[in-house]
Amino acid sequence: MAEENQSVGLVFFCNGQKIVENHVDTEMSLAVYLRSKLRMTGCKIGCGTGACGACTVMVSSVDADTKKISHIAINACLYPVCAVHGKAVTTVEGIGSTETKLHAIQERLAKAHGSQCGFCSPGMVMSMYTLLRNNPKPTSDEILHNMEGNLCRCTGYRPILDAFNTFTEDGCAMGEECCRNRKPSDVPVENVCTELYRTSDLMDCKYDPSQDVIFPPELMTSVEQFQKTVEFRSERQTWISVSNLNELLQLKAKYPTAHIIAGNTNLGVTKDFRPHQDVVLHTSNIKELQVMETNDLGLKVGAMVTMDQLQIFVKTQIASLTEPQTRILAAIDTMLNRYAGQQIRNVATLGGHIMIGATDISAILLAVGCHVTVAKAGGKERQIALDQTFHQKTVASAIDPEEVLISVEIPYSTQDQYVTAYKLTPRRQQSDSAILNAVYNVTFEGNSVVVKTATFVYIGLCAKNVPVFAKNTTMKTADKEWDNALLENTTSSLAEELTSDLNITNSPSDKYTHSLVVASFFKFYIEVLKQLKERGIHCHNLPTSVGSIVSEFPRTTPCGTAVFEPFSENQAPLGRPIVHRSALQQASGEAVYTDDMPKVEGELHVALVLTTRGRAKVLSVDTNEALAIEGVVAYVSAADVPGNNVTSDGEEVFVTEQVYSVGQIHGAIVAATPEIAQQAAKKVKVQYEDLPAIVTIEDAMQQNSSYGPGKFLHKGDPEGAFNECPIVFEGSLRTHSQEHFYLEPSACVMRPSGEVGEIDVYVGFQYIKRIQEEMAGTLGIEQNKITCHTKRIGGGFGGKSCRFLHYLACAVAVKKTRRSLRMCLNRSEDMRLTGHRESNLAQYKVGCDDTGKIKALDLTVNSNCGIPDSVASGLLAELLFILDNVYSIDNMRVKGIMYKTNLPAISPMRAFASIENMYLIESIVSDVAVKCGLPQVQVRETNMHTEDIPLTYFGLPIEDFDNFRTCWQECKERSEYVVRRREVDAYNSQNRWRKRGLAIHPLKFNTGAYPIHFHQAGALVNAYIDGSILIHIGGAECGQGLFTKMIQIASRVLGVSVDHIHIKETNTDITPNPTDTAASSTSDIFGMAVKEACKILIERLKPYKDAKPEGTFADWVSIYTQATLFYRDSAKGMNRCNASL
C-alpha cells in the first residue's frame, strides 16, 4: 500500500555506472543532476523548455512482462531525476571520446563540418544515437523526423543531415538523385568542387551496433523490484512513483491537490508561473494506464500512452481498416506528424494533453465526440464527454480533484463523416507552436450533400487559449447542401460569431487570425467537395484551378550543392577545408563552455532580481524573506558598488530610483546553490509606482521621444526630381525586432585572485575588452587587475557583444563576498538582459520613369531603440551607409531617427544593419516594379550601377564592381532563372490559390565595423623547442572557425603541420585591448596579425634554418622564441568620415 512506502535511495545507471543517491532533490531535473552531481557536462542546458534539444540524452528501460528493452531520447532539462529510478541513462560521454574511441556518429558529424559553435552537437549526437539503437538503418525521412527536436543556430542543418544520412542504407537516401551525383546545373562548369569532404572518409568511421553500450544486467534481473511503488522525500517535496492504478487512486484521495506527471513536458511552458507542488505522483509505470485496445466502435487508449506510442498504434489501425473508418485517425496522425520534437513525443502523454486543456491533439478529440473515463478510490468509473462544456472553465471543473483520468475512447469515423485538422504555424514543415488549430467535423445525410451535423473547434482565438466552438455557425449548416451558398453563409457567420463572442478587434493580429479561420474552412470545403466527387456523389462543380489547395506540401529532405574552387590533398591547409579544430571535442561533449568549468572549493552562485515594469519609480525593496532562506549568503545592490554604478553608456548597473525598462537589475542574490539563489531572488519584494511608458514607435513619434534630430545623408535634388517624374508614390515598411537565441545562455565564472583586488573573469563574450573596461569602472580598480578569459562561445550573433550589466553585477558580488562566483542566466533572464534587433518604421516617397528607373527617393527610417542608445547610433549609421545597395539613384535624401522607448536596449544582431537595409531598399524596388507593371529582375538591372568604378550615394568608390556584375550574370545563368521563371508563371496561372515564388536579389554586404578603430588586431605566436606553436589572439571563437583559420594561416607561413599548432583561449593578459569579434572582419584582421607575426618568427629563425637546411622546425627552434605583431587594417571601404551625418 502507498501508506507503507518508505523514503529510499534513487538508483539508476549512467553510462554503465551504478548511481545511488540517498538524498535526492526531487525538484531537480536530470540535466542539472548530470551536470552538477556527475560532472556530465556534455548534457547542455540551452533553453530549459525542451525546445532546443541541447540536453538530449537516452533513457533505457525494460518491460517487466515482456523483458523488452526500450530506448528513448528525452529532454533532460524537463525530465525529473526521480523519473529515472530503475532506468539506464546514456549521455554523449558514454558512447565515445577522443581519448579512447569516438562513436561513428560523433566522428562523422565532425568530419562533415556539422559542428560549428558545438553547443548543440552533443544533443544532435544523442538524438541520432537513440534512433540507431532502435533502427540501425533508418531512412532519410526518419532521420529528418527524428531530428525535429534539435535546434542549431550555426550550420543551417545541411552538414548535420549530410553526416547522419550516411547511416541510411546507401549512404544517402536520395540514391542516384543525391546532390553530390549532380552538377550544380546543366550549364558547363569547369574547375569547381562540390564536396567539402570525401564521403569515403565518413564511411571509414564504421558503425558496429554490437559495440553499443549494453543495458545493465542488474536492471534486467531486478526489474520487478524497481517498478514497485517508491517514495522520495526532499526538503520541500514528496515524490511518489506509483506502480498500479489502485495505489494511484488511494494516493489521489489522500492528496487531492497532488500533481500527476509522466513526461513533465508541460513544465517548459509553465515553470515561470507554476505553483509549488508539495506532492508529486509519477505514473509512467502504471500498466493499467497504458492500454491500447480496439473494439467495434473505435479505440481505447490509456491516459499514459505517449504521443509516439499513440502514433504507431494509429498508423497500425489506419493500415488495417477501411478508409471511411480512419478519417478521425488520419487527422490525429497528421497532427502528430507536426507535434513537437521526438524527445517530447517520446514522453508526452495523451492524458496530459487532455488535462492541460488546449493542445493540438485535444482539439481533435473535442471535435469528434470522444469520451474519457475517470475513476477515484472507492467509487465507480464514470465517462465524461469531451465537448464544449468540458473546457468551458477549466478541466478541474469537469474532473473532481480525487479523480484520475484512466483512458480515452476515440470513435471510428463513418462513411458520411469527414474530419480534417489544420495546424497553422509560422514555419510550414516544422513542429512549431500553432498560431491557430482548426478542426472541422461534418457528417452528411446518407450518400448526399446535405449536412446532418457539424462541429468546428478552434484553438488560438482568445488570450486564454481555450477551445472555441463555433456553435451558432454549425447549427446554421444543418440541413443545408454543401455548395457555394453554404460556403458564403458559413464564412459570414464565422466572422460574425467569432467577432461578437470573442471580442475580436481590428488589430492586425486579430484580423490575421480571423483570416486564417476563413481560409481553413474554405480549404476544408474544397477538400470535402473533392472527396464527395470521388465517391460519385453529385455535388457542386470543382474548378480545376482550385484543386491544388487541398494537397499537402511535400515534406522532403533538404538537399543542396556548394560550389567552390577545387583543392589538392597535398596543398597547404590554407585554402583547403579542414575539420574545425574543436569539432571532435564538441561532438563528444568534451568541449568546455563557461558553465562547464569545474567548480572550486567554496564557490557560490548568483541569481539576479530584475525589474518587472517598463517605467516606474522604485518605492521599496524588501529582501528580508529572501535573506532568511537557508543557504543565502548576501544580497548585492547599488549600495555595494565600490566604484561607479553608472556605465560609460550612462546606464545604471543596479537600479536606484527610476526604472526605464523591464529587465534592469535591482540586485543580485548570492547563495550556496543556483536553485537556492533563484528561489531567493523570487522572494525579493519590490514596490513600484507605475509611470507612463512608451512602447511603440508611433507612441515615441507622437511624444517626440527621440535621441536627437537624427542622421541625414543627401545627394542631388530630390524635390526637383519628383516634379519631373511621371510616376511618384509613397509607402511605408516595417522591420520587427528579433531575439538572438544563441544556444549557450550567458554565463560567467569570476574568481578573486592575487593580493591587490585582482579578479579572473571567465566569460563567453565577443568583446571582452568592453567587460574589462566597464568592470574596472564599476569596481573602482585599474584594468590591469582584471583578466578576462574566453575559451569558446556557444553562439553569439551580436547578443554577446554589447550588453554586459549582468557581468558587472556579478563582479560587485565577488568584490563583496571575496568568493568565487558563478552565474548562468536562464533563457527568460537572458532574453530580457541581452537586447534584440531593433524594429523600424520606414516611410518613403519614390519617383521613377516608365522604365522603372528610380529618379528620386526620400526615405525616413524611424528606429525603436529602447533605452539606452548604446549601439543605436552606430547601427543606424551602418544602415544608412549601405542603404543604396548596388543601385544608382541620382537624387536621394535619407534620414534616420532613433526613438527612445521603454523597451530593453537593442544590440547588434547577425548581419548588422544589412538585413534591414536589404528589406527596405529591395521592397522599394519591388514596389516600383509592381507600380510600373514590369518584371522584378528588369527593374533591378535598370537601376544598377553602370560605371566602371561607381560611387555610393555619399561619394565612396565601390572598387571591383565588375565582380558583382559577373556574379549577377553567373547566378542568373547557372540557376536557369529565365526558364524557372516561365515555369513558375505557368504554374501560377493554372492554380488560383496555391502559388510558387521565385526571386533573385543583389546584395552589397559591407564587412568591417564603424568606427575605424575596430580594424586593428594583435597576435602573439610562441614557438617551443619541441617544434610546437601556441598562438594568442584577441578574437573570440564563436563557432565561425576563427581559431581554425588562424592555425591554417600559421601552418602555411611557418610550414608546420596544423597538428602542432594550438590556440588555447582569448585572454586580455596576453592580447590586451582586443576588438569586438563582429562584422565579418575578425578573421581578416587577426589573420593578418598572425601572418605577420609568423613572418617575424621565420626571420628570427633564419640563421638556424640556414645552418641546418635539412632540419625540421623543431631543430631550428633552439631557444624559446616568440613574436608579437600589432596589425591595423587600412579599412578603405569603411572610411566614411567624408560623409555628412
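Residues numbered from 1 in each chain as written. Predicted model: local features only at pLDDT ≥ 70, side-chain atom pairs only at ≥ 80, totals over all residues. Heavy atoms only, no water.

Trainee: Which parts of the structure should I look at to understand the overall build of the protein chain?
Mentor: In terms of regular secondary structure, the protein chain is built from 35 helices and 38 strands. In terms of overall size, the protein chain behaves like a compact globule, its C-alpha atoms giving a radius of gyration of 32 Å where 1141 residues would be expected to give roughly 32 Å. Residues counted as buried form 55% of the 1141 residues belonging to the protein chain. About 48,400 Å² of surface is accessible on the protein chain, with carbon and sulfur atoms providing 50% of the total. Computing the positive centroid from 111 side-chain charges and the negative centroid from 128, the protein chain places the two 0 Å apart. (Helix = DSSP H or I, 4+ residues; strand = E, 2+ residues; numbered from the N terminus. Rg over C-alpha atoms; globule rule 2.2 N^0.38 Å. Buried < 20%, exposed > 50% of the residue type's maximum accessible area, 1.4 Å probe, protein only. Areas by Shrake-Rupley, 256 points an atom, 1.4 Å probe, with all protein chains shown as cover. Lys, Arg positive; Asp, Glu negative; His and termini not counted. Charge placed at Lys NZ, Arg CZ, Asp CG, Glu CD.)

Trainee: Help me understand the pairing of strand β2 (residues 17-21) in this model?
Mentor: Each regular strand displays side chains that alternate between the two surfaces of the sheet. Judged from the 5 bridges that link them, strand β1 (residues 10-14) and β2 form a sheet pairing that is antiparallel. Its bridge partner lying in β2, Phe 13 is registered against Lys 18. (Pairing = 2+ DSSP bridges.)

Trainee: Would you mind showing me how to read helix α5 (residues 158-165) here?
Mentor: Along an α-helix, residues three or four apart share an orientation, since each turn contains 3.6 residues. For α5, a buried count of 7 out of 8 residues is recorded, marking the element as mostly surrounded by other parts of the structure. All of the buried residues in α5 are Pro 159, Ile 160, Leu 161, Asp 162, Ala 163, Phe 164 and Asn 165.

Trainee: What is the right way to read the pattern of salt bridges from this model?
Mentor: Between side chains of opposite charge, a pair can form when the charged atoms approach closely. Per the stated rule, a full pass over the model turns up 44 salt bridges. Between Asp 596 and Lys 44 there is a salt bridge whose closest N-O contact spans 2.5 Å. With Asp 596 in the loop between α20 (583-587) and β19 (604-610) and Lys 44 in the loop between α1 (30-36) and β3 (56-62), this residue pair connects regions lying 552 residues apart in the sequence. Taking the relative accessible area as the measure of exposure, Asp 596 reaches 3% and is therefore buried. In this structure Lys 44 comes out as buried when scored by relative accessible area, which is 1%. (Salt bridge = Lys/Arg side-chain N within 4 Å of Asp/Glu carboxyl O.)

Trainee: Please clarify how helix α11 (residues 307-320) should be interpreted in this entry.
Mentor: For α11, built from 14 residues, the straight-helix expectation of 20 Å at 1.5 Å per residue is met to within 8% by its first-to-last C-alpha distance of 20 Å. Within α11, the full set of buried residues consists of Met 307, Leu 310, Gln 311, Phe 313, Val 314 and Gln 317. Angularly, the buried residues of α11 cover 165° about the axis, an arc narrow enough to put them on a single face. Turned more than 90 degrees away from the buried face of α11 sit Ile 312, Ala 319 and Ser 320, all of them exposed. (Expected span 1.5 Å × (residues − 1). Arc of directions from axis to C-beta.)

Trainee: What am I meant to see in the side chain of Ser 413 here?
Mentor: Inspection of the secondary structure assignment puts Ser 413 in the loop between β14 (404-411) and β15 (417-424). Within the structure, the side chain of Ser 413 is placed 2.2 Å from the backbone oxygen of Pro 324, a separation counted as a polar contact. Within the local environment of Ser 413, its side chain forms a polar contact with the backbone nitrogen of Thr 326, the two atoms lying 3.5 Å apart. The residues contacting Ser 413, other than those within four sequence positions of it, are Pro 324, Gln 325, Thr 326, Arg 327 and Ile 328. (Polar contact = N/O pair within 3.5 Å; in protein donor to acceptor, adjacent residues only side chain to side chain. Contact = heavy atoms within 4.5 Å.)

Trainee: Can you help me understand the sheet that holds strand β6 (residues 230-233) in this one?
Mentor: What holds strands together in a sheet is hydrogen bonding between their backbones, with the strands either parallel or antiparallel. Here 4 strands make up an open sheet; going across it, the order is β6-β7-β9-β8 and the pairing mixed. Only two strands of the sheet have a single partner each, and these edge strands are β6 and β8 (259-261). Between one strand and the next, the sheet's axes are offset by a mean angle of 20°, whatever the strand orientation. As judged from the 3 bridges shared by β8 and strand β9 (residues 279-282), these two strands associate in the parallel manner. (Axes fitted to C-alpha atoms, helices over the stretch in contact; angles between N-to-C directions.)

Trainee: What should I look at first to understand the sheet that holds β15 in this one?
Mentor: Within the open sheet, the 4 strands sit side by side as β15-β16-β17-β18. Their pairing is antiparallel. Sheet topology places β15 and β18 (468-469) at the edges, where each strand pairs with a single neighbour. Bridging between strand β16 (residues 436-444) and strand β17 (residues 451-459) involves 8 bridges; their strand directions are antiparallel. Residue pairing in the sheet places Asn 437 in a bridge with Ile 459 of β17.

Trainee: Is there a simple way to think about the packing of helix α33 (residues 1042-1054) against helix α34 (residues 1082-1107) in this case?
Mentor: The description of two helices packed together rests on the angle between their axes and the distance between the axes. Viewed as axis vectors pointing N to C, α33 and α34 meet at an angle of 30°, and their least axial separation amounts to 9 Å. On the basis of the axis angle, α33 is roughly parallel to α34. Here the hand of the crossing between α33 and α34 comes out right-handed. Side by side, α33 and α34 meet where Leu 1042, Lys 1045, Met 1046, Ile 1049, Ala 1050, Val 1053 and Leu 1054 of the first sit next to Thr 1082, Ser 1083, Phe 1086, Gly 1087, Val 1090, Lys 1091, Cys 1094, Lys 1095, Leu 1097 and Ile 1098 of the second. (Parallel < 35°, antiparallel > 145°, perpendicular 65-115°, else oblique. Left-handed = near helix turned anticlockwise from the far one by under 90°.)

Trainee: Could you clarify how one ought to interpret the side chain of Glu 603 in this entry?
Mentor: Among the structural elements, Glu 603 can be located in the loop between α20 and β19. Only 2.6 Å separates the side chain of Glu 603 from the side chain of Arg 822, close enough to count as a polar contact. Ignoring any residue separated from it by four or fewer positions in sequence, one finds Glu 603 in contact with Ala 672, Val 749, Arg 751, Ser 820, Leu 821 and Arg 822.

Trainee: So what exactly am I meant to see when it comes to the packing of aromatic side chains here?
Mentor: Between two aromatic rings, the relevant description is the distance of the centres plus the angle of the planes. Applying the stated rule across the entire model yields 21 aromatic pairs. Both rings, one in Phe 729 and one in Tyr 844, keep their centres 6.3 Å apart while their planes meet at 85°; by these two values the pair is edge-to-face. Taken together, the residues Phe 729 in strand β26 (residues 727-735) and Tyr 844 in strand β31 (residues 839-848) connect sequence positions 115 residues apart. The exposure classification of Phe 729 matches that of Tyr 844, with both residues buried. Chaining the aromatic ring pairs together yields one cluster made of Tyr 418, Tyr 422, Tyr 440, Phe 444, Phe 456, Tyr 458, Trp 482, Phe 521, Phe 524 and Tyr 525. The ring of Tyr 593 has Arg 792 lying over it, and the distance from NZ or CZ to the ring centre is 5.6 Å. Between Lys 845 and the ring centre of Phe 722, over which it is positioned, the NZ or CZ distance is 4.5 Å. (Phe/Tyr/Trp six-rings, centres within 6.5 Å; stacked < 30°, edge-to-face > 60°. Lys NZ or Arg CZ within 6 Å of the ring centre and 35° of its normal.)

Trainee: Quick question: what am I supposed to make of the environment of Thr 98 here?
Mentor: If you trace the backbone, Thr 98 turns up in the loop between β5 (88-90) and α2 (104-111). With 135 residues separating them along the chain, Thr 98 and Arg 233 place their C-alpha atoms 39 Å apart. Residue contacts for Thr 98: discarding those within four places in its chain leaves Leu 584, Gln 585, Ser 588 and Glu 590. Polar side-chain contacts of Thr 98 include one of 2.5 Å to the side chain of Glu 590.

Trainee: In this structure, what is going on with the nonpolar core? I would like to understand it.
Mentor: In globular proteins that are soluble, nonpolar side chains generally tend to be buried together. Grouped together as the largest cluster of nonpolar side chains are 94 residues, with contacts concentrated most on Leu 30, Val 81, Leu 310, Ile 332, Leu 365 and Ile 410. Discounting residues that sit within four places of it in the chain, Leu 365 has contacts with Ile 332, Leu 350, Ile 354, Cys 370, Leu 386, Val 408 and Ile 410. Grouped together as the second largest cluster of nonpolar side chains are 51 residues, Cys 802, Val 846, Val 886 and Val 894 included. (Core = buried A, V, L, I, M, F, W, Y, C linked by side-chain atoms within 4.5 Å.)

Trainee: Even after reading the chapter, I still don't get the environment of Met 355, so can you show me in this structure?
Mentor: Tracing the backbone through its elements, the reader meets Met 355 in helix α14 (residues 350-356). Along the sequence, Met 355 and Ile 260 sit 95 residues apart, while their C-alpha atoms lie 10.0 Å from each other.

Trainee: Whenever I open this one, the environment of Ile 694 confuses me. Can you help?
Mentor: Position of Ile 694 relative to the elements: it lies in the loop between β24 (685-690) and α23 (697-702). Sequence separation of Ile 694 and Asn 902 is 208 residues, and the distance between their C-alpha atoms is 5.4 Å.

Trainee: Would you mind showing me how to read the confidence of the model for the protein chain here?
Mentor: Predicted coordinates in areas of low pLDDT are best not read in detail. Looking at the protein chain as a whole, the pLDDT averages 90, with 93% of positions reaching at least 70. A low-confidence stretch, residues 182-188 (pLDDT under 50), is modelled with 9 contacts involving residues beyond four sequence positions or located in other chains. Note that pLDDT drops below 50 for residues 1132-1141; the model gives that stretch 29 contacts with residues more than four away or on any other chain. (pLDDT = per-residue confidence, 0-100.)

Trainee: How should I be thinking about unusual backbone geometry in this particular structure?
Mentor: The general pattern is negative phi for most residues beyond glycine and trans for most peptide bonds. Between Ile 867 and Pro 868 the backbone carries a cis peptide bond, its omega angle lying at 0°. Structurally, Pro 868 can be placed in the loop between β32 (854-864) and α28 (872-881). At Asn 704, a residue that is not glycine, the phi angle is positive and equals roughly 55°. As for its position among the elements, Asn 704 is in the loop between α23 and β25 (711-715). Asn 704 sits in the exposed class, given a relative accessible area of 60%.

Trainee: Teacher, can you tell me more about the packing of helix α25 (residues 768-779) against helix α26 (residues 805-817) here?
Mentor: Interaxial distance between α25 and α26 falls to 10 Å at its minimum, and their mutual angle equals 45°. Relative to α26, the element α25 lies oblique. α25 and α26 meet at a crossing whose hand is right-handed. Contacts from Ile 771, Glu 774, Met 775, Thr 778 and Leu 779 of α25 reach α26 at Tyr 807, Leu 808, Ala 811, Val 812 and Lys 815. Its residues assigned to classes, the contact of α25 with α26 shows 7 nonpolar, 1 polar and 2 charged. (Nonpolar A, V, L, I, M, F, W, Y, C, P; charged D, E, K, R; others polar.)

Trainee: For this particular structure, what's the right way to read the state of the cysteines?
Mentor: What makes a disulfide is a covalent bond joining the sulfur atoms belonging to two cysteines. By the definition in use, this model includes 0 disulfides. The thiol sulfur of Cys 52 is not disulfide-bonded, and the nearest other cysteine sulfur, from Cys 47, lies at 3.7 Å. Under the relative-accessibility criterion, Cys 52 is labelled buried at 2%. (Disulfide = S-S within 2.5 Å.)

Trainee: Looking at this structure, I do not really get the pairing of strand β30 (residues 821-824). What am I missing?
Mentor: Looking at chain direction, β19 and β30 are connected through 2 bridges and run parallel. Bridged to His 605 within β30 is Arg 822. Pairing between strand β27 (residues 747-753) and β30: 4 bridges, direction antiparallel. Along β30, the bridge assignment pairs Cys 748 with Met 823.

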